[in-house]
Structure formats: C-alpha cells, structure tokens
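What follows is each chain in one-letter form.
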Amino acid sequence: MQETLKKAASDGNIDMSERQQVAPYVDAAAKRAEGVKECVAQMTNATLDMAKSQAKAQAEMEGKFKALADHLQKELDNIKRQMKNKQQN
C-alpha cells in the first residue's frame with residue numbers, strides 16, 4: 001500500500017485499481033480533517049465568547065471604578081471647601 005501511495009505521489013498517475021486501494025485512506029483522512037476543522041471552529045467560538053465576556057466584565061469594572069473615583073473626588077472637594085471655610089472664619 002505504501003508503495004502504491006508513493007508511486008501515485010511521485011508520478012501523479014493513478015489507475016482505477018490504485019484509486020480503489022487508496023480511497024478508504026483518503027476518506028478516513030478527509031473525515032479526520034473535517035473533525036479537526038469542526039474542533040478548531042468550536043474552540044475559536046469558545047475563545048471569542050470568553051473574550052467578549054471578559055471585555056464586558058472589564059467595562060463594567062471600569063465604570064464602577066470611574067463612579068468611585070468621581071465620588072471620592074467630590075468628597076475631597078467638599079473637605080477642601082470645608083477647610084478653606086474654617087480658615088477664612
């Protein structure tokens with residue numbers, strides 16, 4: 001069988017009997033390739049889903065940190081204003 005495959009690969013000519021001998025191997029290889037393709041597609045989709053979820057979570061956390069920073073800045077401004085008022089009095 002290996003000789004048949006080598007001959008077909010080297011000269012590019014393959015007769016019907018050789019095709020019949022090689023066909024099961026070609027079919028099996030095609031099925032495996034299709035399985036690999038499907039697996040890669042599923043893994044790619046899962047990775048994209050995880051990236052989207054992570055980006056969403058990150059955006060939510062950034063929003064929360066921004067709100068906290070704004071709140072703290074307002075508190076700081078109030079404290080500064082109160083201290084300034086006390087100094088003026």
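Residues numbered from 1 in each chain as written. Predicted model: local features only at pLDDT ≥ 70, side-chain atom pairs only at ≥ 80, totals over all residues. Heavy atoms only, no water.

Let us now look at the overall build of the protein chain. A tally of regular secondary structure across the protein chain gives two helices and zero strands. Expressed as a percentage of the 89 residues in the protein chain, the buried residues total 4%. (Helix = DSSP H or I, 4+ residues; strand = E, 2+ residues; numbered from the N terminus. Buried < 20%, exposed > 50% of the residue type's maximum accessible area, 1.4 Å probe, protein only.)

This next bit is on a nonpolar patch on the surface. On the surface, a nonpolar cluster with roughly 400 Å² of combined accessible area is contributed by Met61, Phe65, Leu68 and Leu72. By the secondary structure assignment, Phe65 is in helix H2 (residues 16-88). (Patch = residues over 30% accessible without salt bridge, like charges linked within 9 Å, V, L, I, M, F, W, Y side chains within 5 Å. Areas by Shrake-Rupley, 256 points an atom, 1.4 Å probe, with all protein chains shown as cover. Salt bridge = Lys/Arg side-chain N within 4 Å of Asp/Glu carboxyl O.)

What follows deals with the pattern of salt bridges. Tallying each qualifying case throughout the model produces one salt bridge. Of the charged contacts, one joins Lys66 and Asp70 as a salt bridge, the two residues approaching to 3.2 Å between their closest N and O atoms. Of this pair, Lys66 and Asp70 are both found in helix H2, four residues apart, which corresponds to roughly one turn of the helix. We classify Asp70 as partly exposed; its relative accessible area is 36%.

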